[in-house]
Each structure stands twice: as C-alpha cells, then as structure tokens.
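Architecture at a glance
Now for the letters of each chain:
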Amino acid sequence: MKETQQIKSMFDRIVRRYDFLNHLLSFGQDFFWRKKMAEQAINDSTPIVLDLATGTGDSATALLKSGARVVGVDISFEMLRAGNKKIKKNIKNAIFSPIVASGYKLPFRNECFDAVTCAFGIRNMHDTESAMKEIYRVMKKGGKIVILEFSLPEGFFRNLYLLYLKKIVPFIASFFSVRSAYEYLGSSIDGFYKPHEFIKLLENCGFSNIKTISLSFGCVYIYVGKKN
Ligand SMILES: C[S@@+](CC[C@H](N)C(=O)[O-])C[C@H]1O[C@@H](n2cnc3c(N)ncnc32)[C@H](O)[C@@H]1O
C-alpha cells in the first residue's frame, strides 16, 4: 500500500528527534499516558504482550516495567532500531523481541498473545478495521486489547487545542524535525474516529466488555476490550 509506505518513510525520517518532541509537545504527559495503558494491559505476572506500532520503544518500556514480555512490531525499521537500542540500554534483562512488520499482516499464528497494545499507532493505519481484525486474530481468547490514542476534547477547550495542534505544534517542530510530519499529526488526529465511533468499530471487530478512560481533558483516550 502506497500510503503505508509514505507513513513508514515519514517515521524513518523523524526518528532522531521523535522522543524529544513527544516529551516537549506533551509537556511530559506522554510518560503518564503510556504508564496508564500498561496498567490496563497487565493483570497477571508475566503476560506476553504484542505492542503494535512500538516505535522508539516508550510504550514497550512501560509494559516491560510492569512485568510483561513484549513483542514489539513496527513498520519502520529506523524507529524499531532506536527502540531496541534504548530498551537494551535502559532495562536490565528485558524480554523484548523487535519485529519489522505491518499491522495489516502480522507474522504470528492465531491466538498467541495475552494482550495487544497500540499507543498512538492505530491512527496511522487508515484501513483501521483490517488492522483491528488482525489484532483480534492474534489475541488469545480472554485476551485484552488496549489502545492509547489521541482525540479532540469537547467544549471550550476544543478550539484552543486545535490551534495548538495545527499551528503551534508544527511551528515548534519545524525547529527540530520535519514540519510536514507534525502537520500530519494534527490532521490525522482531527480525521480519526470520535470515541463513540471507535467503540462501535471495536464492537464490530468482535471485541466486548469495552471501556474507555479519558485522560488530559479528553485529548487522549484509552480503549480497553476483550476477546471472548
Ligand atoms: C506515533 S508512533 C508511536 C510509537 C510508540 N508506540 C509510542 O508510544 O511512542 C507510531 C508508530 O506506528 C508505526 N506504524 C505506522 N503504520 C504502521 C503499520 N501499518 N504497521 C505497523 N506499524 C505502523 C510507525 O512506524 C510509528 O513507529
């Protein structure tokens, strides 16, 4: 898919300043968001978790610190390489397996993961339904899906946040990285499913017991679901 190739090369190009800009533009809240995601994903001692779109490893790090064994999948080799290096350096005895693959075609047999997480990745998979069905396929029965993704807050704060996302974020990012990648960030958040639409999609893909957790005034959502 041409679109997937473009996204891959965009992430390959922004890897160097990716972490720095994440922490800067989220005012350091991104650590807290991923920690919350890991708390939702892990409920037994050492589950095997697929962290889809694992990128530079910050989502995998949160999972590893909570006691999971993690398979990290990403389409961008450069992001994955940076993530693997960081995890090896920072977490002693981490059980982390990085694999370059696409979320649309995961190289795993059916029902092999206790949980599947995806932090800020599903928005980049434009055929979201196919990606969700692929996640469903590789999850064990009784397994959990935990998606962490940006959203747009409602009410007064919405317009202020849109201004921040669409004007201020690309402006700040242009000093350190590729401006167009951070313009894409704002437009992809604006174009992504609203929480109630995403819940419907999860249900349509077979997930049940869905709950949502709104963080940072609705700028970020955690979606949790189960495969029965
Ligand atoms: C915004 S980053 C998130 C990285 C990490 N999970 C985090 O919390 O920082 C999104 C990641 O999704 C990956 N990605 C985009 N499309 C993908 C696809 N179709 N399959 C697998 N990974 C994909 C990108 O390469 C990128 O590393």
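Residues numbered from 1 in each chain as written. Predicted model: local features only at pLDDT ≥ 70, side-chain atom pairs only at ≥ 80, totals over all residues. Heavy atoms only, no water.

Comments concerning the side chain of Thr61
For Thr61, the location among the structural elements is in helix α3 (residues 58-65). The exposure class of Thr61 is buried, given its relative accessible area of 15%. Setting aside residues up to four positions removed in sequence, Thr61 forms contacts with Ile87 and Ile91. (Helix = DSSP H or I, 4+ residues; strand = E, 2+ residues; numbered from the N terminus. Buried < 20%, exposed > 50% of the residue type's maximum accessible area, 1.4 Å probe, protein only. Contact = heavy atoms within 4.5 Å.)

Digging into the layout of surface pockets
Unfilled space is identified by rolling a water-sized probe across the atoms. The volume enclosed by the largest pocket comes to roughly 550 Å³. Together, 32 residues line the largest pocket, and Leu25, Ser26, Trp33, Phe150 and Leu185 are the ones closest to its centre. The set of elements that each furnish at least two residues to the lining of the largest pocket consists of α1 (2-25), α2 (29-41), α6 (156-174) and α7 (179-191). When residues in the lining of the largest pocket are grouped by element, the largest group, seven residues, is from α1. Across the lining of the largest pocket, the residue classes break down as 24 nonpolar, five polar and three charged. Quantified by volume, the second largest pocket comes out at close to 270 Å³. Along the walls of the second largest pocket sit Phe31, Arg34, Lys35, Glu39, Asp58, Thr61, Ala62, Lys65, Ser66, Lys86 and Asn90, which together make up its complete lining. (1 Å grid on protein atoms, 1.4 Å probe; cavity = no way out; pocket = protein on both sides within 12 Å on 5 of 7 lines; lining within 4 Å. Points joined across faces, edges and corners; volume = space filled by probe spheres on them. Nonpolar A, V, L, I, M, F, W, Y, C, P; charged D, E, K, R; others polar.)

Regarding helix α8 (residues 195-204)
Residues of α8 that are buried: Pro195, Phe198, Leu201 and Leu202. The arc that holds the buried residues of α8, viewed along the axis, is 115°, so those residues lie on one side. Those residues of α8 that are exposed and aimed more than 90 degrees away from the buried face are His196 and Asn204. In this fold, the buried residues of α8 make contact with α5 (128-138), β5 (139-150), β6 (208-215) and β7 (220-226). Positive phi appears at Gly206, one or two residues downstream of α8, with a value of about 105°. (Arc of directions from axis to C-beta.)

Considerations on the nonpolar core
If you look at the biggest cluster of nonpolar residues, it comprises 47 residues, and the most contacted ones within it are Leu63, Leu148, Phe150, Tyr182 and Val220. Top contributing element to this core by residue count: α1, with eight residues. Ala53, Leu201, Phe207 and Tyr221 belong to the second largest nonpolar core, which has 30 residues in total. (Core = buried A, V, L, I, M, F, W, Y, C linked by side-chain atoms within 4.5 Å.)

Remarks on the UniProt feature "binding site: S-adenosyl-L-methionine" (unreviewed entry) in the chain
Following the UniProt record, the feature "binding site: S-adenosyl-L-methionine" (unreviewed entry) maps to Thr56 and Asp74 here. The named residues occupy 19 residues along the chain; their greatest pairwise C-alpha distance, 9.3 Å, places them in one compact cluster. Within the annotated group just given, the residues that line the largest cavity are Thr56 and Asp74. Tracing the backbone shows Thr56 in the loop between β1 (48-52) and α3. Beyond its immediate stretch of four places on either side in the chain, Thr56 contacts Val15, Tyr18, Asp19, Met79, Ala82, Gly83 and Lys86. Checked against the element boundaries, Asp74 lands in strand β2 (residues 69-74). Here Asp74 falls in the buried class, since its relative accessible area comes to 9%. Sequence-distant contacts of Asp74, that is, excluding residues within four places in its chain, are made with Ala53, Thr54, Gly55, Met79, Leu80, Ile99, Val100 and Ala101. At 3.4 Å, the side chain of Asp74 and the backbone nitrogen of Thr54 are in polar contact. (UniProt positions renumbered as here; feature names shortened; annotations may be inferred. Polar contact = N/O pair within 3.5 Å; in protein donor to acceptor, adjacent residues only side chain to side chain.)

Re α3
Where burial is concerned, most of α3 is hidden: seven out of the eight residues are buried. Burial in α3 covers these residues: Asp58, Ser59, Ala60, Thr61, Ala62, Leu63 and Leu64. Where α3 terminates, the next one or two residues include Gly67, which has phi positive at roughly 100°.

Focus: the site of the ligand
Taken together, the neighbourhood of the ligand is formed by 22 residues, with Tyr18, Arg34, Ala53, Asp74 and Gly103 sitting nearest. Residue Asp74 places a side-chain N or O atom 2.6 Å away from an oxygen atom belonging to the ligand. Look at the ligand: alone it shows 610 Å² of surface, and the protein chains cover 98% of it. At a threshold of 2 Å from the grid points, most atoms of the ligand map onto the largest cavity. The greatest single-element share of the shell around the ligand, amounting to five residues, is contributed by α1. Of the residues in the shell around the ligand, the class split is 11 nonpolar, nine polar and two charged. (Near = heavy atom within 4 Å. Areas by Shrake-Rupley, 256 points an atom, 1.4 Å probe, with all protein chains shown as cover. Sits in = over half its atoms within 2 Å of the grid points.)

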